Amino acid sequence: MEFKRISASDFSLSFCLVLVVAKSAIGDVSYSFPEEMKGGSVIGNLAKDLGLSLSSLSARKARVDTEGNQKRYCDINLNTGELTITERIDREGLCGKKASCVITQELVLESPLELHRISLHVQDINDNSPKFKKDLIKLEIQESAVKGARYLLDEALDGDIEGNTVQNYVLENNDHFSLSVHTNMVGGKYGELVLEKELDREKQQEVSLILTAVDGGTPPRSGTVTIYVTVLDANDNTPVFSQTVYTVTATDPDWRQNGTVVYSLFRLVIDFHLCTLVTTEIHLVVVDSKHFCALSTR
């Protein structure tokens, strides 16, 4: 096996290259700024923060570069040393619901080669309103439901994070329902409809309510949804006759005893095990000496 000898001059050159690379890793800078700033907005001064002279920026061909195929989100003004954003940044589109949204760029200086890492922290602003999945929440509730019954409602979603997300729900004033607001395991807010006054389908077959979701931004944003309650019938009423007393008169044109009318009242026994609908029948039988006729009322 052949070994290659390394001269003292080669070792010194390698050592110097290592020092250059190590030196390029120092001097990182970090800037925080809100999303949705217009392109060209200044977010810092690189020359001042890194201790670079303005003349060296042009002489050393200063430029902002990216890692890999990442998009370039900022640029440097060689005359002033200011760092500007190249275009409006949408934090939700870039980082979604992540708590931290950081973009990494690099300032490159030549002769000698020098690199400075630039960390851009994009802060959330309240630029999204709460929104429900559907425009209408449909519920079916039996009129026999008891006071205190609860009905889970859909959660409103908000593209923003932390305090700019949904913080509360408000239900419009009504005669039957109140609202209870809860927090789930991941910190999201949701509501429950609570029955405060029993429903009566015979008086009101439908109930329409407006639910509003409010976020914690300044000023706050909100979104609404309509809750449509269909009241289902329950067998909570008994049959009632239109009047308590009925008068029936029968005549017979025959002579004397043949025309005498006798009234008899018979009770009809109903098998409730076979009938799903409660009915009552009264048969009135009119009898004379030779003939009879029957009148049935329901």
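What you see is a predicted model, and the numbers here were worked out from it, not measured in a lab.

Enquirer: Looking at this structure, I do not really get the environment of Leu-195. What am I missing?
Expert: Tracing the chain through its elements places Leu-195 in strand β12 (residues 189–195). Overall, the relative accessible area of 0% leaves Leu-195 in the buried class. For the pair Leu-195 and Leu-179, spaced 16 residues apart in sequence, the C-alpha separation works out to 8.9 Å. Here Leu-195 is in contact with Ala-145, Val-146, Lys-147, Gly-148, Ala-149, His-176 and Phe-177, once residues within four sequence places are set aside.

Enquirer: Sorry if this is basic, but what is going on with the pattern of salt bridges here?
Expert: Between side chains of opposite charge, a pair can form as their charged atoms come close. Across all of its chains, the model carries five salt bridges by this definition. Its salt-bridge partner being Arg-63, residue Glu-110 comes within 2.9 Å of it at the nearest N-O pair. Here Glu-110 is found in the loop between β6 (102–109) and β7 (114–123), whereas its partner Arg-63 is found in strand β3 (residues 63–66), with 47 residues between them in sequence. Glu-110 gets classed as partly exposed once you look at its relative accessible area, which sits at 27%. Here Lys-71 ties to Glu-87 by a salt bridge, and the two come within 2.5 Å at their closest N and O atoms. Of this pair, Lys-71 sits in the loop between β3 and β4 (74–76) while Glu-87 sits in the loop between β5 (82–85) and α4 (91–95), placing them 16 residues apart in sequence. Residue classification places Glu-87 among the partly exposed residues on the basis of a relative accessible area of 32%.

Enquirer: Hey, could you run me through the side chain of Asp-158 in this one?
Expert: With respect to the helices and strands, the residue Asp-158 is situated in the loop between β9 (150–152) and β10 (166–171). Of the side chains with opposite charge, Lys-97 comes closest to the buried, unpaired Asp-158, at an N-O distance of 5.7 Å. Polar side-chain contacts of Asp-158 include one of 2.9 Å to the backbone nitrogen of Asp-160. With near-sequence residues (within four places) excluded, Asp-158 lies in contact with Lys-97, Asn-128, Ser-129, Pro-130, Asn-164, Thr-165, Val-166 and Asp-215.

Enquirer: Please explain the sheet that holds strand β13 (residues 206–215) as it appears in this structure.
Expert: Backbone hydrogen bonds are what pair the strands of a sheet, in a parallel or an antiparallel way. Spatially, four strands are ordered β8-β14-β13-β10 in an open sheet, and the strand pairing comes out mixed. Lying at the two open borders of the sheet, with one neighbouring strand each, are β8 (136–142) and β10. Across the sheet, the mean angle from the axis of one strand to that of its neighbour is 25 degrees, orientation sign disregarded. The pairing of β13 with strand β14 (residues 222–232) spans nine bridges and is classified as antiparallel. When the bridges of β14 are listed, Leu-211 appears paired with Val-225.

Enquirer: What exactly am I supposed to notice about the nonpolar core here?
Expert: When a protein is soluble and globular, its nonpolar side chains tend to lie buried together. Judged by nonpolar contacts, the single largest core of 25 residues is most densely connected at Leu-46, Leu-83, Leu-107, Ile-118 and Leu-120. Sorting the residues of this core by element identifies β1 (29–34), α2 (46–50), β4, β5, β6 and β7 as the ones contributing at least two each. Filtering out sequence-adjacent residues up to four positions away, Ile-118 remains in contact with Val-29, Tyr-31, Leu-46, Leu-83, Ile-103, Thr-104, Gln-105, Glu-106 and Leu-107. Counting 24 residues, the second largest nonpolar core, distinct from the first, contains Phe-132, Val-207, Leu-211 and Val-231.

Enquirer: Would you mind showing me how to read the sheet that holds β7 here?
Expert: If you trace the four strands from one edge of the open sheet to the other, you get β1-β7-β6-β3, paired in mixed fashion. Two strands close off the open sheet at either side, each with one partner strand: β1 and β3. Each strand of the sheet is rotated relative to its neighbour by a mean of 35 degrees, with strand direction disregarded. Sheet topology note: the β6/β7 ladder contains eight bridges and is antiparallel. Its bridge partner being in β7, Ile-103 is matched across the sheet by Leu-120.

Enquirer: Got a minute to help me understand the side chain of Thr-66 in this structure?
Expert: Among the secondary structure elements, Thr-66 is positioned in strand β3. A polar side-chain atom of Thr-66 sits 3.0 Å from the main-chain carbonyl oxygen of Gln-70. With sequence-adjacent residues up to four places away left out, Thr-66 is seen in contact with Lys-71, Arg-72 and Gln-105.

Enquirer: What should I look at first to understand the environment of Thr-80 in this one?
Expert: Structurally, Thr-80 can be placed in the loop between β4 and β5. As for Thr-80 and Asn-45, which are separated by 35 residues in sequence, their C-alpha atoms are 7.8 Å apart. In this view, Thr-80 contacts Asn-45 and Leu-54; residues no more than four positions away in its chain are not counted. Among the polar contacts made by the side chain of Thr-80, one reaches the main-chain amide nitrogen of Glu-82 at a distance of 3.3 Å.

Conventions and cut-offs
Residues numbered from 1 in each chain as written. Predicted model: local features only at pLDDT ≥ 70, side-chain atom pairs only at ≥ 80, totals over all residues. Heavy atoms only, no water. Helix = DSSP H or I, 4+ residues; strand = E, 2+ residues; numbered from the N terminus. Buried < 20%, exposed > 50% of the residue type's maximum accessible area, 1.4 Å probe, protein only. Contact = heavy atoms within 4.5 Å. Salt bridge = Lys/Arg side-chain N within 4 Å of Asp/Glu carboxyl O. Lys, Arg positive; Asp, Glu negative; His and termini not counted. Polar contact = N/O pair within 3.5 Å; in protein donor to acceptor, adjacent residues only side chain to side chain. Pairing = 2+ DSSP bridges. Axes fitted to C-alpha atoms, helices over the stretch in contact; angles between N-to-C directions. Core = buried A, V, L, I, M, F, W, Y, C linked by side-chain atoms within 4.5 Å.

What is shown is where atoms sit, not what they do.
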